[in-house]
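# Residue-level structure breakdown
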Amino acid sequence: MDLGSAESWGSAIYFWIIPVVLGDAIFPLIPSEMVVITGGALSADGRTNVFLVGFLSALASWVGDMVVFQLFRRRLSHVLDRWAWGRRIHRGIHDAIARAGRSSTYGTIIGARFIPGGRLATSAAAGIANVAVRGFSLCAGIGAVLWACWLVGLGYFTGSATGLPFWASSLIGVVLGLVVGAAVGVIATRRRGNPSPVEEPGPLAPEA
């Protein structure tokens, strides 16, 4: 695969979106935003279908949120503690909730995904707080659609406005998205969150 070729990316981006956006639900460091923005930029270049990119992005985001929500709602998070890497993830979730607070309001479920780490923290906190499944599912769906539209639209806009190669348009879109996300994060975190309700994982066992 030629990483600089729009044709190569156009034929592969659909297969990248679902696993990357799903993985981002538990591993916030996975660059799902960049993949979705790239899909939008490729759409501006006529290499992908903008509606299919948006649909796949929203669907994967919603499914990922539901997985995390059910994991914590059913108190299955202890499964992560069986492995050293799982305890690190569990601790990262704990830290994310502590930063974001344990708010489980429907507005937070919709909007927190625009804050780095907010999607994971809010889904986990909503599961712990036993938010109604139907209510969470609806709000996660609305949030997923808004999130996908924002990122795909950002990629499409930068691709159309700049006329640069798709990878350059994608980088510009990512920078703009980070700036907006950081601004939202500053506003949302002015009030410190409550202590996390997630039980702190025990000391990490030595790895073999």
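Below or above, wherever it landed, is the structure these notes cover. Everything quoted here is computed from the prediction, not taken from an experiment. (Residues numbered from 1 in each chain as written. Predicted model: local features only at pLDDT ≥ 70, side-chain atom pairs only at ≥ 80, totals over all residues. Heavy atoms only, no water.)

It is worth spelling out the side chain of S123 at this point. Within the secondary structure layout, S123 lies in helix α6 (residues 118-128). Here R119 takes part through its backbone oxygen, which lies 3.0 Å from a polar atom of the side chain of S123. With residues up to four places along the chain from it excluded, the contact list for S123 reads D65, V68, F69 and F136. (Helix = DSSP H or I, 4+ residues; strand = E, 2+ residues; numbered from the N terminus. Polar contact = N/O pair within 3.5 Å; in protein donor to acceptor, adjacent residues only side chain to side chain. Contact = heavy atoms within 4.5 Å.)

Moving on, we get to α6. Think of an α-helix as turning once every 3.6 residues; residues three or four places apart then point the same way. Along α6, 11 of the 11 residues are buried, which leaves the element largely enclosed by surrounding structure. Residues of α6 that are buried: G118, R119, L120, A121, T122, S123, A124, A125, A126, G127 and I128. In the segment just after α6, N130 is the residue with positive phi, at about 55°. (Buried < 20%, exposed > 50% of the residue type's maximum accessible area, 1.4 Å probe, protein only.)

Counting across every chain of the model gives three salt bridges. D24 serves as the salt-bridge partner of R119, at 3.3 Å between the closest nitrogen and oxygen. Linking R119 in helix α6 with D24 in helix α1 (residues 6-24), this pair joins segments that are 95 residues apart in sequence. Ionic pairing is found between D65 and R119, a salt bridge with its closest N-O pair at 2.6 Å. Residue D65 is found in helix α3 (residues 50-73), and its partner R119 is found in helix α6; the two are separated by 54 residues along the sequence. What makes D65 buried here is its relative accessible area of 1%. For R119, a relative accessible area of 9% corresponds to the buried category. It is possible to trace a salt-bridge network through shared partners that takes in D24, D65, R113 and R119. (Salt bridge = Lys/Arg side-chain N within 4 Å of Asp/Glu carboxyl O.)

Grouped together as the largest cluster of nonpolar side chains are 19 residues, with contacts concentrated most on I17, V21, V36 and W147. When residues of this core are traced back to their parent elements, those giving at least two are α1, α2 (32-44), α3 and α7 (133-162). Sort the elements by how many residues they give to this core and α7 lands first, with six residues. (Core = buried A, V, L, I, M, F, W, Y, C linked by side-chain atoms within 4.5 Å.)

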